[in-house]
Each structure stands twice: as structure tokens, then as C-alpha cells.
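Geometric and topological summary
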Amino acid sequence: MSTTIAELNLSPAYRLAQRALAAWLERSHVGARQAAFAARAALAGLDATERSRLARWLAWLSVAARSQGGGAPEGRIQRLDASLHQAMQDALTRLPGNLPGVVTQFRRRSA
């Protein structure tokens, strides 16, 4: 199995939180409550830098979901962790490229 250099620099706490959030986001109803508890517990182990990285990752996931015609996970993230949701919103404004219209659209739908 090959790994990338960036993956090697991620802390075990960050990787656990990312995996827990991914598992929670993939669940719609069955097991979603248990996955939410696991995600919250994993988020508690992150420092400020790792939470910021996770917020950027979630921002990219939101953009990807919208570009594929799916629903962005913002509402669910807001219910899971309001501060992470706010950090994700801030990260959306800083993503490279022509995203101002996309960010406005996200804010209207998640408000």
C-alpha cells in the first residue's frame, strides 16, 4: 500500500477524526446516531490547527457535492458541531478559484 507525503504528516487524532466524519457523512439514517457520537468524540482530540485543516477538507467536500448535484453536508455539520461549521464557512471563502457565487449560494441554503 502506498501513502503520500502529506498523509504521513497528519496526526493520528486528525486521521481518526477525518475517518469518523467521513463515516458519519456517509450514513443517512441507520447507525447515524452512533456515528455522530464517534465523530464528536474524535473531534475533541483535535488541536486548533487540525480543526482548521478539517474545516478546509469539509469545505472542499461541500464544493464537490454541489458540483455533482448532491446536497452539501453543511446542515448536518452545523447540527454536529457549530464551531466546525463556522470554520468550514470561513474556509469556503478562502478556497482558490472563482467561488464567490458558490459561497453565497451555500450561505443562503444553510441559513
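To keep things clear, this report deals only with the structure shown in the data block. (Residues numbered from 1 in each chain as written. Predicted model: local features only at pLDDT ≥ 70, side-chain atom pairs only at ≥ 80, totals over all residues. Heavy atoms only, no water.)

A short note on the pattern of salt bridges
- In this structure the tally under the stated criterion is one salt bridge.
- Notably, a salt bridge pairs D81 with R51, separated by 3.1 Å at the nearest N-O pair. Taken together, the residues D81 in the loop between helix 5 (74–80) and helix 6 (82–94) and R51 in helix 4 (residues 48–67) connect sequence positions 30 residues apart.
- What makes D81 buried here is its relative accessible area of 16%. (Salt bridge = Lys/Arg side-chain N within 4 Å of Asp/Glu carboxyl O. Helix = DSSP H or I, 4+ residues; strand = E, 2+ residues; numbered from the N terminus. Buried < 20%, exposed > 50% of the residue type's maximum accessible area, 1.4 Å probe, protein only.)

Considerations on the nonpolar core
- Grouped together as the largest cluster of nonpolar side chains are 24 residues, with contacts concentrated most on L21, W24, L43, L54 and L84.
- Only helix 2 (12–26), helix 3 (32–43), helix 4, helix 5 and helix 6 provide two or more residues apiece to this core.
- Top contributing element to this core by residue count: helix 2, with six residues.
- In this view, L84 contacts L21, L43, R51, L54, A55, L58 and I77; residues no more than four positions away in its chain are not counted. (Core = buried A, V, L, I, M, F, W, Y, C linked by side-chain atoms within 4.5 Å. Contact = heavy atoms within 4.5 Å.)

Fair warning: the whole summary comes from geometry, so function is off the table for now.
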